[in-house]
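A structural walkthrough
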Amino acid sequence: MQLQALADSGPWDRVKKELRNELGEDIFSNWFGRVNHEETTGDAVRLSVPTRFLKNWIQSNYEKQLVGLWKREKDGISRIELTVRGALRPRLIEGPQASKAITARRISGRPAPFNSTPQFSAGSGIAAIPCLADTGEESASEFLSGAALNPKLTFDTFAEGTSNSLACAAVRQMAAGHEGTLNMLYVHSSTGIGKTHLLQAAACQARKTGRHVAYLSAEFFMYHLVPALRTPAFPVLRQAMKSIDLLLIDDLQFLHGKQAQEEFSKTLELLMEFPSQVIMAADRAPEDLETLGTGLCQYIQKGEVIGIQATDYALRLDIVNKRIAAARKTHPGFSVPDEVTDYIARYVIASARDLEGALNRLFAHNQLSRQPVTLELAEKTLHDLVRIGEPRSIKVEEIQQVVCKHFSVTKADLLSSCRARVLVRPRQIAMYIAKVMTGRSLPEIGRRFGNRDHTTVLHAVRKIDSMVKTDRALSQEVELLKRLIQS
């Protein structure tokens, strides 16, 4: 975690530092590390980003926050304009210069280097994709390494607990590349629980042992790799894929869209032909990712699928202490009392990223005011991150487990197509509870119950909802099941 004092600088620098304090280093680096301030005119601030993906994501998730921060710097700001720098077309070398360049390459026998910073000129609305047609296998392999890694995300800085120990052990084994370990691993959890940290730690560790690693973020996959495979460089890239020992694909949930689904499936299948090991991560189970076709989903499920549960108090406390220890390496005077670390670990429960964001805020306040960190300061500063008494997230699998135990049926029976009365009623009750206690849609619930159609789920929900209003015994039974699930 990078914790640093706020310095007096320009408005954009101050806005970025506030964003880093509020969001945490990981989120800030992922979404705002390559955002540039172009100009401020009238009531608008114009920012530029390298890809359309980043533009859409920032507009959907952070536009209001950006406007609010800019208003602190300049009165009258009411909107943020985002432009895509990649919407400028690289200038092509033509005429005598092109001939000289080609001749020089032929004489030297060396391939043209991969140009990661081409010159741009206005005139096209098409995102510029690096041309790899002249690229040799070595440069293509470098291109396939994918997105940049955060050097701080290693196994040494990863906090391990009961909720993530299985996933961590599996990823460690695959990073080491020992024979007999897993060939394919799919890790899923809610956001901010540590999936990206694990994947980047695996990439870092595997590279230290000399293995060829490809770490592909959703952004890199969509806006760089897939378009590059449509170019004449395809044979070179395909050959380079054979050298990949460990393939890691992060944030699969961001690969969406009906048109992208088939493209993604084909490209992923192509990538998975060659590497000996593959690790993927997403914020939901593979069967809930619409991006994956049925065949690809079944293929992934033949490997190991591991879910990471929400952090418990002990793990959150460990995360907080690790981050404080990291901060003290550069700022020895930074101190957080035990009562404050306990408060943060006990009540900042949404994600590990929020824990980091909480410490960023306390650190910034400490550096600016030179006042010690106290419980009173933490309560005042972190009020929007604190979740006191908030109910935990309920999973469909938990509901199925409780219902099966209560009615003495197996999960296989519950998900089967059997329409025996002894199974139909528990199945309908489980679907009803899943609808009222989770944020899952009807199609998602249907997939969790043996790939049933959403109309079947709707029928079950309506039927049980109607019955609990008139059948007191059933109503009490459903309430009992809810309490058991929440306990």
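Notes on the structure in this doc start here. Predicted, not measured: the structure shown is a model, and the values here were computed from it.

Details of the pattern of salt bridges
Overall, the coordinates contain 14 salt bridges when judged by the stated rule. Across the salt bridge formed by E39 and R46, the nearest N and O atoms sit 3.3 Å from each other. Its relative accessible area of 33% is what places E39 among the partly exposed residues. Among the salt bridges present, the one from D342 reaches R346, with a minimum N-O distance of 3.0 Å. Of the two residues, D342 and R346 are both situated in helix α14 (residues 338-347); the distance of 4 residues between them amounts to about one turn of the helix.

Quick word on the packing of helix α7 (residues 165-176) against helix α8 (residues 195-208)
Relative orientation of the contacting elements α7 and α8 amounts to 25°, with a least axis distance of 9 Å. When the axes of α7 and α8 are compared, the pair comes out roughly parallel. Between α7 and α8 the crossing geometry is right-handed. Every residue of α8 that contacts α7 at A167, C168, V171 and A175 is listed here: L198, A202, Q205 and A206. For the contact of α7 with α8, the per-class residue count stands at 7 nonpolar, 1 polar and no charged.

Comments concerning the pairing of strand β9 (residues 277-282)
Most of β9 sits out of view: 6 of its 6 residues are buried. Of the two faces of β9, the one carrying Q277, I279 and A281 and the one carrying V278, M280 and A282 are both buried. In terms of strand pairing, strand β6 (residues 184-188) meets β9 through 5 bridges, oriented parallel. Among the inter-strand pairings, H188 is bridged to a residue of β9, identified as A282. As defined by bridge partners, strand β8 (residues 246-249) adjoins β9 across 4 bridges and the pair is classed as parallel. Bridging across to β9, L247 finds its partner in V278.

Cut-offs and rules
- Residues numbered from 1 in each chain as written.
- Predicted model: local features only at pLDDT ≥ 70, side-chain atom pairs only at ≥ 80, totals over all residues.
- Heavy atoms only, no water.
- Salt bridge = Lys/Arg side-chain N within 4 Å of Asp/Glu carboxyl O.
- Buried < 20%, exposed > 50% of the residue type's maximum accessible area, 1.4 Å probe, protein only.
- Helix = DSSP H or I, 4+ residues; strand = E, 2+ residues; numbered from the N terminus.
- Axes fitted to C-alpha atoms, helices over the stretch in contact; angles between N-to-C directions.
- Parallel < 35°, antiparallel > 145°, perpendicular 65-115°, else oblique.
- Left-handed = near helix turned anticlockwise from the far one by under 90°.
- Contact = heavy atoms within 4.5 Å.
- Nonpolar A, V, L, I, M, F, W, Y, C, P; charged D, E, K, R; others polar.
- Pairing = 2+ DSSP bridges.

Taken by themselves, the reported measurements are silent on function.
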